[in-house]
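Structural overview for review
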Amino acid sequence: MSTLQDAPPRQLSLPVATLIGLLALAAALGVGHLVAGFVGYTASPFIAVANYVIDHSPTAIVKWAERTLGTWDKPVLKIGLAVVLVLLALLAGQLSRRTPRAGQVLVFVLGAAGVAAVYARSDLGQVSLLAPVAALVAGLAVFTFLHRIALPVDVVDERGFDRRGFLRAGVGVAAGSGIAAVVGQVAGTRTNAEDSRAAVGPLVPARTAPPLPADADFAKLGSPPFITPNADFYRIDTALVVPQVRAEDWSLKIHGMVDREVTFSYADIRSRPLVERRVTLTCVSNEVGGPLISNATWLGVDLADLLDEAGVRPGAEQMFATSVDGWTCGTPADVALDRTRGAMLAIGMNGEPLPVEHGFPARIVIPGLYGYVSATKWVESLEFTRWDARQAYWLSRGWAEQAPIKTESRIDTPSGFAGVTAGKVRLAGTAWAQPTGIAKVEVRLDQGPWQQATLSAEVSKDTWRMWWIELDVPKGTHQASVRATDQGGYTQTENRADPAPDGATGWHSVTLDAR
Ligand SMILES: Nc1nc2c(c(=O)[nH]1)N[C@H]1C(S)=C(S)[C@@H](COP(=O)(O)O)O[C@H]1N2
Ligand SMILES: [Mo]
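Conventions adopted
Residues numbered from 1 in each chain as written. Chains lettered and ligands numbered in written order. Predicted model: local features only at pLDDT ≥ 70, side-chain atom pairs only at ≥ 80, totals over all residues. Heavy atoms only, no water. Patch = residues over 30% accessible without salt bridge, like charges linked within 9 Å, V, L, I, M, F, W, Y side chains within 5 Å. Areas by Shrake-Rupley, 256 points an atom, 1.4 Å probe, with all protein chains shown as cover. Salt bridge = Lys/Arg side-chain N within 4 Å of Asp/Glu carboxyl O. Helix = DSSP H or I, 4+ residues; strand = E, 2+ residues; numbered from the N terminus. Buried < 20%, exposed > 50% of the residue type's maximum accessible area, 1.4 Å probe, protein only. Near = heavy atom within 4 Å. Polar contact = N/O pair within 3.5 Å; in protein donor to acceptor, adjacent residues only side chain to side chain. 1 Å grid on protein atoms, 1.4 Å probe; cavity = no way out; pocket = protein on both sides within 12 Å on 5 of 7 lines; lining within 4 Å. Sits in = over half its atoms within 2 Å of the grid points. Nonpolar A, V, L, I, M, F, W, Y, C, P; charged D, E, K, R; others polar. Core = buried A, V, L, I, M, F, W, Y, C linked by side-chain atoms within 4.5 Å. Contact = heavy atoms within 4.5 Å. Domains from an automatic or database assignment. Pairing = 2+ DSSP bridges. Phe/Tyr/Trp six-rings, centres within 6.5 Å; stacked < 30°, edge-to-face > 60°. Axes fitted to C-alpha atoms, helices over the stretch in contact; angles between N-to-C directions. Parallel < 35°, antiparallel > 145°, perpendicular 65-115°, else oblique. Left-handed = near helix turned anticlockwise from the far one by under 90°.

So, about a nonpolar patch on the surface. Where nonpolar side chains cluster on the molecular surface, the patch consists of Phe-38, Ile-179 and Val-183 and spans about 310 Å² of accessible area. Mapped onto the secondary structure, Ile-179 falls in helix 7 (residues 163-188). The exposure class assigned to Ile-179 is exposed, which follows from its relative accessible area of 55%.

Structure below.
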């Protein structure tokens, strides 16, 4: 006989326990996301915990992830965190097959972790705590409620496992959680920066960069294109959710050791004479031969002009920049102030307003310094201060205070372990030494003599330079290596050094398998 009212079970079945754990998790995340949609998107407990993991992972792991996963580092982190949460939810269900206590404790601890992660963020106000607290309450309530239905405490009334009631409640919770998450998502991204960016309209330079010479790159021979399209430009930042800042809400404050505090709006900046400058950005985490380097035509104003209006006082050692997401960056003040260096506050990139993921509405670009000590995206404050007064994000994680870009070179074609036809083999690549400029690139096969490669036209000392060469490659396995010499007369050292603490060194080489 089939009945919906079975005898009271003494313990939950495996699938029911599993469902209870998962539904409690869904409710917590859904409700958390819903509330976060109104009090601050990054207060969503899932995102806050993921951000916390990024900020508190050992530096070596974060940098390793940037290098090996590149732009995939964030999706991989999110998936990893989701897997961990699902496993913990399953565990909460399994631990509670007889009584709900152990599962409730686990759900509470998880919820508390969400609260702590939001509390730990400097860029979120008190009200944002509502999101993880609501998540905690929802998770606990759903867990307890479903457990009560599935395993009634009160067996005296002979009520058994009300399967239909349990399923109805489960479907309700699942649907409610999904709807809550969607509403939160819509509400949280309603202040999306994309439409503000689209409304910026054309940004017209007062002074355009000179046209590019035809031989600015050897893309046809296998070098990268001289200008990296925005969609291909490398992206590195700690922001799990790309900060959404509307141009009309943005401002930049210059303060600290200055004669007068000044604040600029987006309208202030764009109405100034805009200059175009080509600058190659380089990440300190780039391994020898790595991809974390790209080149763009930036549009913006001379940072020195803005700093002059504030009147930076003598004695200021660093320009401490803060992004809207709380990330910070320390630049030597003398480099920021040096007009000949050409530091910019950029609002345009390759003929468009800055893409949101590259810092819209405005970012700093400074030729010759690795990005972590110069290139603050979504910048909102520049404070002039001393080195010992403030420690920037990566400095406090063991990276160097001073980080000029090192002279380096890379073989782009053929790629590593390429099969080639013995005889004349063409190699092409790139070399950089911002802001000194590249003087010479040499390539050699195995331990053979160094041979000078043909260089592309020099567009600017602040940009990379492409090279190509043809080598005689006999049958067999060989190694081709490259080294650059900059215009200061320095030739790249062969000594291999890791990216930490101030940039990798060593010659890049590729193995050629010639048949
Ligand atoms: N707000 C913010 N700005 C940032 C970072 C960051 O994590 N947050 N990373 C810096 C680093 S390490 C680099 S290499 C450059 C990369 O700029 P891109 O993503 O536009 O290529 O941005 C810099 N600016
Ligand atoms: Mo970087």
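From this point on, the discussion continues.
This brings us to the pattern of salt bridges. Applying the stated criterion across every chain yields a total of 21 salt bridges. Salt-bridge contacts for Arg-339 lead to Asp-305; the nearest nitrogen and oxygen are separated by 2.7 Å. Residue Arg-339 is found in the loop between helix 11 (333-337) and strand 7 (344-349), and its partner Asp-305 is found in helix 10 (residues 303-310); the two are separated by 34 residues along the sequence. Through salt bridges with shared partners, a single ionic network connects Glu-194, Arg-197 and Glu-352.

This part takes up the site of ligand 1. Taken together, 19 residues form the shell around ligand 1, and within it Tyr-234, Thr-238, His-358, Arg-363 and Lys-377 come nearest. For ligand 1, an oxygen atom lies 3.0 Å from a polar atom in the backbone of Ile-236. The backbone of Thr-238 places a nitrogen or oxygen atom 2.9 Å from an oxygen atom of ligand 1. Applying the majority rule of atoms within 2 Å of the grid points places ligand 1 in the largest cavity. Grouping the amino acids of the shell around ligand 1 by side-chain chemistry returns 9 nonpolar, 5 polar and 5 charged.

This paragraph deals with the nonpolar core. By size, the foremost hydrophobic cluster in this structure holds 88 residues, and its most contacted members are Ile-254, Trp-298 and Leu-345. The contacts of Leu-345, once residues within four sequence positions are left out, are Trp-250, Leu-252, Ile-269, Leu-299, Gly-300, Val-301, Leu-303, Leu-306, Ala-362, Arg-363, Ile-364 and Val-379.

Right, let's talk about the domain arrangement of the chain for a bit. Here the domain parsing of the chain yields domain 1 (14-188), domain 2 (229-396) and domain 3 (408-514). If you average the C-alpha positions of domain 1 and of domain 3, the two centres end up 50 Å apart.

Attention now goes to the sheet that holds strand 13 (residues 423-432). Strand order in the open sheet formed by 4 strands is 11-13-17-16, and the pairing between neighbours is antiparallel. At either margin of the open sheet sits one strand with a lone partner, and together these are strand 11 (408-413) and strand 16 (454-455). With 9 bridges connecting them, strand 13 and strand 17 (residues 465-473) associate as antiparallel partners. Among the inter-strand pairings, Gly-423 is bridged to a residue of strand 17, identified as Val-473.

Going through the model one piece at a time under the given rule, you end up with 8 aromatic pairs. Taking 6.2 Å as the distance between ring centres and 55° as the angle between the ring planes, the aromatic pair formed by Tyr-266 and Phe-360 counts as tilted. One end of the pair, Tyr-266, is in helix 9 (residues 266-270); the other, Phe-360, is in the loop between strand 8 (352-353) and strand 9 (363-365), and 94 residues separate them in sequence. Seen in terms of ring centroids, Trp-450 and Trp-507 are 5.0 Å apart; in terms of plane orientation they differ by 80°. Their pairing is edge-to-face.

For the bond running from Phe-360 to Pro-361, omega is 5°, close enough to zero to count as cis. Assignment of secondary structure puts Pro-361 in the loop between strand 8 and strand 9. Across the junction of Gln-434 and Pro-435, the peptide omega takes the value -5°, indicating a cis bond. Position of Pro-435 among the secondary structure elements: in the loop between strand 13 and strand 14 (438-445). Phi at Trp-378 is positive, roughly 50°, even though this residue is not glycine. When you line up the elements, Trp-378 lands in the loop between strand 9 and strand 10 (379-385).

Let us look at the packing of helix 1 (residues 14-39) against helix 6 (residues 130-150). A pair of packed helices can be characterised by two numbers: the angle between their axes and the separation between those axes. Where helix 1 meets helix 6, the axes come as close as 7 Å, and the angle between the chain directions of the two elements is 155°. Our classification of the angle between helix 1 and helix 6 gives roughly antiparallel. Helix 6 is crossed by helix 1, and the crossing has right-handed handedness. Only Leu-130, Ala-131, Ala-134, Ala-135, Ala-138, Gly-139, Val-142, Phe-143, Leu-146, His-147 and Ala-150 of helix 6 make contact with helix 1, whose side of the interface consists of Val-16, Ile-20, Gly-21, Leu-23, Ala-24, Ala-27, Ala-28, Val-31, Gly-32, Val-35, Ala-36 and Val-39.

What follows deals with the sheet that holds strand 19 (residues 508-514). Spatially, 12-19-18-14-15 is the arrangement adopted by the 5 strands of the open sheet, whose pairing is mixed. Only two strands of the sheet have a single partner each, and these edge strands are strand 12 (418-420) and strand 15 (451-452). Inspection of the sheet shows strand 14 paired to strand 18 (residues 476-486) by 7 bridges, in the antiparallel sense. Residue pairing in the sheet places Leu-445 in a bridge with Ala-480 of strand 18.

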